[in-house]
Amino acid sequence: MLNEIDALLRVDAGGVTVKEGAADTSFMRLEEWLRTPLGSVYGLPSWGNPMQRYKHEPIGTESSHMVEVAIENDLVMKLRQDLPSIQLQQVRCEAISEDTLNIRFVMPAGEMNFQMQMTK
């Protein structure tokens, strides 16, 4: 059985949160990857999300659809390299404000929505 410690070390009544099973561990690994920018892991600079590339791109406008599609494609390709055990079925990126994206990941175990603030 797979076990994964919470990447943010969140605690509950029993101590640090630990997820068990393939589904829950996939969500924990994905969340950790989303919170880790590319190049920030010592000794493994190629691991992490590529979202810094898009911090100056316009989002939340009528013309931002192409940026959202580019982000979706980049996330899929990078996730296949960094976390090949995660079985992605769909990634959908949508601007919810002029500086915030909602990224939805669909996997066999369910879906995860992650809001990411794009700093300019």
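A. Inspection of the overall build of the protein chain at higher detail. Each helix and strand counted, the protein chain has two helices and seven strands in total. Of the regular secondary structure in the protein chain, the N- to C-terminal order runs β-β-β-β-α-α-β-β-β. Scored against the burial criterion, the 120 residues of the protein chain give a buried share of 38%. Here the analysis covers contacts within the protein chain between residues at least 6 apart in sequence; of these, 38% occur between residues at least 24 apart. Accessible area of the protein chain: about 7300 Å², with a carbon and sulfur share of 51%.

B. Region of interest: the nonpolar core. Membership of the largest hydrophobic core comes to 24 residues, with the highest contact counts inside it found for Leu30 and Ile103. Put simply, the parts of the chain that give this core at least two residues each are α1 (22-34), α2 (65-82), β5 (90-95), β6 (100-107) and β7 (110-117).

C. Examining the pattern of salt bridges more closely. Tallied over the full model, the rule gives five salt bridges. Among the salt bridges present, the one from glutamate 111 reaches arginine 104, with a minimum N-O distance of 3.7 Å. Judged by relative accessible area, which is 24%, arginine 104 ranks as partly exposed.

D. Focus on the sheet that holds β6. The strand order β5-β6-β7 describes an open sheet built from three strands, whose pairing is antiparallel. Two strands close off the open sheet at either side, each with one partner strand: β5 and β7. For this sheet, the mean inter-axis angle between neighbouring strands, taken without regard to orientation, is 15°. Bridge count for β6 against β7 is eight bridges, and the pairing is antiparallel. Residue pairing in the sheet places valine 106 in a bridge with glutamate 111 of β7. Contacts between α2 and the sheet are confined to β5 and β6, with β5 contributing the most and set at about 145° to the helix.

E. Highlighting α2. Compared with an ideal rise of 1.5 Å per residue, which puts 18 residues at 26 Å, α2 spans 26 Å between its outermost C-alpha atoms and is within 8% of the ideal. Residues Val67, Glu68, Ile71, Glu72, Asp74, Leu75, Lys78, Leu79 and Asp82 constitute the buried set of α2.

F. Representation of the confidence of the model for the protein chain in the model. The predicted model of the protein chain has a mean per-residue pLDDT of 84, with 78% of residues at 70 or higher. Across the protein chain, element-level confidence peaks in α2 with a mean pLDDT of 95 and bottoms out in strand β1 (residues 3-5) with 58.

G. Highlighting the side chain of serine 26. Among the secondary structure elements, serine 26 is positioned in helix α1. Residue classification places serine 26 among the buried positions, given a relative accessible area of 15%. Here serine 26 is in contact with Ile86 and Met107, once residues within four sequence places are set aside.

Analysis parameters
- Residues numbered from 1 in each chain as written.
- Predicted model: local features only at pLDDT ≥ 70, side-chain atom pairs only at ≥ 80, totals over all residues.
- Heavy atoms only, no water.
- Helix = DSSP H or I, 4+ residues; strand = E, 2+ residues; numbered from the N terminus.
- Buried < 20%, exposed > 50% of the residue type's maximum accessible area, 1.4 Å probe, protein only.
- Contact = heavy atoms within 4.5 Å.
- Areas by Shrake-Rupley, 256 points an atom, 1.4 Å probe, with all protein chains shown as cover.
- Core = buried A, V, L, I, M, F, W, Y, C linked by side-chain atoms within 4.5 Å.
- Salt bridge = Lys/Arg side-chain N within 4 Å of Asp/Glu carboxyl O.
- Pairing = 2+ DSSP bridges.
- Axes fitted to C-alpha atoms, helices over the stretch in contact; angles between N-to-C directions.
- Expected span 1.5 Å × (residues − 1).
- pLDDT = per-residue confidence, 0-100.

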